[in-house]
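A structural walkthrough
The lines below spell out each chain.
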Amino acid sequence: MENKNTIIHFVGAGSGAKDLITVRGAELLKNADIVIYAGSLVNPELLEYCPDAKIYNSAFMTLDEIIDVMKDAYDSNKSIVRLHTGDPSLYGAIREQMDSLDELGIPYDICPGVTACFGAASSLNLEYTLPGISQSLIITRMAGKTDVPDSETIESFAAHKTSMAIYLSTSMLDELSERLVRGGYSADTPAAIVYKATWPDEECYICTLETLAQTAKEHNITKTAVILVGNVIANSGYKKSRLYAPDFSTEYREAEVDDNKNL
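Residues numbered from 1 in each chain as written. Predicted model: local features only at pLDDT ≥ 70, side-chain atom pairs only at ≥ 80, totals over all residues. Heavy atoms only, no water.

1. Things to note about the overall build of the chain
Definition in use: A run of H or I in DSSP becomes a helix once it reaches four residues, and a run of E becomes a strand once it reaches two; helices and strands are each numbered from the N terminus. For every residue, the accessible area (1.4 Å probe, protein chains only) is compared with the maximum for its type, and the residue is labelled buried under 20%, exposed over 50%, or partly exposed between those bounds. Contacts were defined at the residue level, with two residues in contact if any of their heavy atoms lie within 4.5 Å. Only the protein chains shown count as cover for residues, with accessible areas throughout obtained via the Shrake-Rupley method and a probe of 1.4 Å. The charge count treats Lys and Arg as positive and Asp and Glu as negative. His and the chain ends do not count. Lys charges are placed at NZ, Arg charges at CZ, Asp charges at CG and Glu charges at CD.
Counting its secondary structure elements, the chain contains 7 helices and 10 strands. Scored against the burial criterion, the 263 residues of the chain give a buried share of 45%. Contacts spanning at least 24 positions in sequence make up 68% of the contacts within the chain whose residues lie at least 6 apart. Here the chain displays about 14600 Å² of accessible surface, and carbon together with sulfur accounts for 49% of that area. Averaging the coordinates of the 22 positive side-chain charges in the chain and doing the same for the 38 negative ones gives two points 1 Å apart.

Structure follows, in structure tokens:
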């Protein structure tokens, strides 16, 4: 009999803390019969939302094995959650899974989550887009097991001297620092290492590009960290937002008039 009710739910687990999953994501977990989670990256406390579900750890599975579990569950009219770290759209390898499901005619949807760089910003009380300092955020990574296109080199992004969040690169910090400086940042540009952002065992360290690799070595951080770069980390020298300036009109508020200005 054709299954018309069940779909695969790709769910973003959030940046780490159990309560930083979305309300929708938590509800999908609570109602799941089958959960396939990224065991090497997702906080296992999130599985407390689904104590009765059958759990698969995708760290030990191939793509074909993951799809086989999804298909069998779908054919059995089971509720399925594919639980990814952070937000599934960033470094989640979900496109290949969705393409396989398309080939099988199995429907799916995506529930977004809080990615690590936003969890890290919350831990540091950081705003990436300070007026007069930066109005952009570049999210990227160093080439590793997965290649990076030639047009997306660290040096080319560093030339913008804007805020950057660099994933999956903690084991290559000496090279990363050199390439960021070569691209345009000064060696004293503020940087931060946020290990396991928002997890119970999170660690945060502020440094500079020059001291980035040494800071990681001193604290024995070799993986599971996001690297932040940019002058916004200094939290100084920025301009206040015009949105709240008394002489600035908006759809909701008229600018205040200084009666003494023309006297």
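2. Here's the deal with the pairing of strand 7 (residues 163-167)
Operational definition: Two strands pair if DSSP finds at least two bridges between them.
Burial runs high along strand 7: 5 of the 5 residues are buried. Two elements, strand 6 (residues 137-141) and strand 7, share 5 bridges in a ladder whose sense is parallel. When the sheet's bridge partners are listed, threonine 140 is paired in strand 7 with isoleucine 166. Relative to strand 10 (residues 225-229), strand 7 runs antiparallel, the two being bridged by 3 bridges. Note on strand 10: the bridge partner recorded for isoleucine 166 is isoleucine 227.

3. Some points on helix 2 (residues 63-75)
Rules: A helix is expected to span 1.5 Å multiplied by its residue count minus one. Relevant arc is that of directions from the helix axis to the C-beta atoms, nothing else.
In this model helix 2 runs 18 Å from its N-terminal to its C-terminal C-alpha over 13 residues, within 8% of the 18 Å that 1.5 Å per residue would give. For helix 2, the set of buried residues is Ile66, Ile67, Val69, Met70, Ala73 and Tyr74. Viewed along the axis of helix 2, the buried residues span an arc of 155 degrees, placing them on a single side of the element. In helix 2, the exposed positions angled more than 90 degrees off the buried face are occupied by Asp64 and Asp72. On the buried face of helix 2, the contacting elements are strand 1 (8-12), strand 2 (34-37), strand 3 (54-57), strand 4 (80-84) and helix 3 (95-104). Count one or two residues on from helix 2 and you reach asparagine 77, which has phi positive near 60 degrees.

4. Some remarks on a negative patch on the surface
Operational definition: Only residues whose relative accessible area exceeds 30% and that form no salt bridge are eligible for patches; like-charged ones are grouped when within 9 Å, while nonpolar side chains (Val, Leu, Ile, Met, Phe, Trp, Tyr) are grouped when within 5 Å. Salt bridge, as applied in this entry: a Lys or Arg side-chain nitrogen positioned within 4 Å of an Asp or Glu carboxyl oxygen.
Taken together, the side chains of Asp64, Glu65, Asp68 and Asp72 present a region of like negative charge at the surface. Examined against the element boundaries, aspartate 64 turns out to sit in helix 2.

5. Points about a nonpolar patch on the surface
Together, Leu243, Tyr244 and Phe248 make up an exposed nonpolar region whose accessible area comes to about 340 Å². When you line up the elements, leucine 243 lands in the segment after strand 10. Among the residues examined, leucine 243 registers a relative accessible area of 41% and is labelled partly exposed.

6. What about the packing of aromatic side chains?
Stated precisely, the cut-off is as follows: When two rings of Phe, Tyr or Trp (its six-membered ring) have centres within 6.5 Å they constitute a pair, described as stacked for plane angles under 30 degrees, edge-to-face for angles over 60, and tilted for the intermediate range.
This structure, assessed with the given rule, holds 3 aromatic pairs. A ring pair is formed by phenylalanine 10 and tyrosine 108, whose centres lie 6.1 Å apart and whose planes are at 90 degrees; its orientation type is edge-to-face. Here phenylalanine 10 is found in strand 1, whereas its partner tyrosine 108 is found in strand 5 (residues 108-111), with 98 residues between them in sequence. Judged by relative accessible area, phenylalanine 10 falls into the buried class, the value being 0%. Its relative accessible area of 24% is what places tyrosine 108 among the partly exposed residues. Arranged with centres 6.4 Å apart and planes meeting at 65 degrees, the rings of phenylalanine 118 and tyrosine 128 form a pair that is edge-to-face. With a gap of 10 residues between them, phenylalanine 118 in helix 4 (residues 116-123) and tyrosine 128 in the loop between helix 4 and strand 6 connect regions that are remote in the sequence.

7. What to know about the environment of tyrosine 167
What counts here: In the analysis that follows, any N or O atom pair within 3.5 Å is treated as a polar contact, provided that within protein one partner can donate a hydrogen and the other can accept it, and provided that, for residues neighboring in sequence, both atoms belong to side chains.
Assignment of secondary structure puts tyrosine 167 in strand 7. The exposure class of tyrosine 167 is buried, given its relative accessible area of 10%. For the pair tyrosine 167 and valine 35, spaced 132 residues apart in sequence, the C-alpha to C-alpha distance is 25 Å. Apart from the residues within four sequence positions on either side, tyrosine 167 is in contact with Leu90, Tyr91, Thr115, Ala116, Cys117, Ile139, Thr140, Arg141, Met142 and Val226. A distance of 3.0 Å separates the side chain of tyrosine 167 from the backbone nitrogen of cysteine 117, its partner in a polar contact.

Bear in mind that shape data such as this cannot, by itself, settle questions of function.
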